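Here are the chains, one letter per residue:
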Amino acid sequence: MQRSKAELRAAILTARRALTPREHDAEAQALIGHVAVLAIDGETVCAYVPVGSEPGSPDLIDALHRRGGRVLLPVARSDDAGNPQPMQWGEYRPGELVDAPYGLREPAPPWLGADAVAEASVILVPALAVDRAGVRLGRGAGFYDRSLALADAAARLVALVRDDELVDHLPAEPHDVPVTHALTPHGGLVRLR
């Protein structure tokens, strides 16, 4: 019997919360070791600041920034009715992140429009899991699916997951935007689809 997205989310979040800080930090450092295969000097990369038990760390963003490219971070907002909107983007400047809704950290204004994502050659995408066909299991709000639809067709869409979160199959829905790659601490960059 296949588990629902809600059941999968709960199981993955429970497993992530069971990680010790030492295990999380070791995996975050391993992800930083893969920066050279992620971005070429001078490229625009969209990234995000991981929160809680999400894979990665702010140090990954700093490593991308040191490569000399432009790093854009998401600004997630909902409309007055509470519907998630395509994300705006802010240019990353070390030491200048501010607290944001949903417990996130983001660049301070001014922000770029949602279409700024089209400038990126690499887009790092948070995920709870990803399958070998590129189906990504997010948190369910839809911010990334709305935003990834605006990305350049040639951009690499890279889900950051733990090694055991790269799975054979996940349930998909028509609105899901598939990712092209997964990045795991020990497996590195894995091409999907």
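Residues numbered from 1 in each chain as written. Predicted model: local features only at pLDDT ≥ 70, side-chain atom pairs only at ≥ 80, totals over all residues. Heavy atoms only, no water.

- You'll find the chain entered in an unreviewed UniProt entry as 5-formyltetrahydrofolate cyclo-ligase, with Mycolicibacterium moriokaense given as the organism.
- On record in UniProt, under Catalytic activity (unreviewed entry), the comment for the chain is "(6S)-5-formyl-5,6,7,8-tetrahydrofolate + ATP = (6R)-5,10-methenyltetrahydrofolate + ADP + phosphate". (UniProt positions renumbered as here; feature names shortened; annotations may be inferred.)

## Side note on the side chain of His34
Argument step 1. Structurally, His34 is set in the loop between helix H2 (21-32) and helix H3 (35-38).
Argument step 2. Engagement of the side chain of His34 in a polar contact is seen with the backbone oxygen of Ala30, the distance being 3.5 Å.
Argument step 3. If near-sequence neighbours (up to four positions away) are discounted, His34 is found in contact with Leu183, Thr184, Pro185 and Gly188. (Helix = DSSP H or I, 4+ residues; strand = E, 2+ residues; numbered from the N terminus. Polar contact = N/O pair within 3.5 Å; in protein donor to acceptor, adjacent residues only side chain to side chain. Contact = heavy atoms within 4.5 Å.)

## Re the confidence of the model for the chain
The predicted coordinates should not be examined in detail at positions where pLDDT is low.
Argument step 1. Mean pLDDT for the chain: 92, with 99% of residues reaching 70 or above.
Argument step 2. In the model of the chain, H3 stands out as the element of lowest mean pLDDT, 87, in contrast to strand E11 (residues 181-184), which has the highest, 97. (pLDDT = per-residue confidence, 0-100.)

## Concerning the UniProt feature "binding site: substrate" (unreviewed entry) in the chain
Argument step 1. When the UniProt feature table is mapped onto this chain, "binding site: substrate" (unreviewed entry) is found at Val49 and Glu54.
Argument step 2. Within the secondary structure, Val49 is located in the loop between strand E1 (44-46) and helix H4 (58-66).
Argument step 3. In contact with Val49, other than residues within four places in its own chain, are Glu54, Pro58, Ile61, Leu73, Leu97 and Arg105.
Argument step 4. By the secondary structure assignment, Glu54 is in the loop between E1 and H4.
Argument step 5. With residues near it in sequence (within four places) discarded, Glu54 still touches Arg16, His24, Tyr48, Val49, Pro126 and Arg139.

## Quick look at the pattern of salt bridges
Argument step 1. If you walk through the whole model with that rule in mind, you get 12 salt bridges.
Argument step 2. When the shortest N-O distance is used, the salt bridge between Glu27 and Arg162 registers 2.8 Å. With Glu27 in helix H2 and Arg162 in the loop between strand E9 (156-160) and strand E10 (166-167), this pair connects stretches of sequence that are 135 residues apart. The pair Glu27 / Arg162 is uniform in exposure class, with both members buried.
Argument step 3. Between Arg70 and Glu91 there is a salt bridge, with the nearest N and O atoms lying 3.5 Å from each other. Within this pair, whereas Arg70 is found in strand E2 (residues 70-75), its partner Glu91 is found in strand E3 (residues 88-91), the two being separated by 21 residues in sequence.
Argument step 4. Taking relative accessible area as the criterion, Arg70 reaches 24% and is therefore assigned partly exposed.
Argument step 5. Salt bridges sharing partners connect three or more residues here, namely Lys5, Glu173 and Asp176. (Salt bridge = Lys/Arg side-chain N within 4 Å of Asp/Glu carboxyl O. Buried < 20%, exposed > 50% of the residue type's maximum accessible area, 1.4 Å probe, protein only.)

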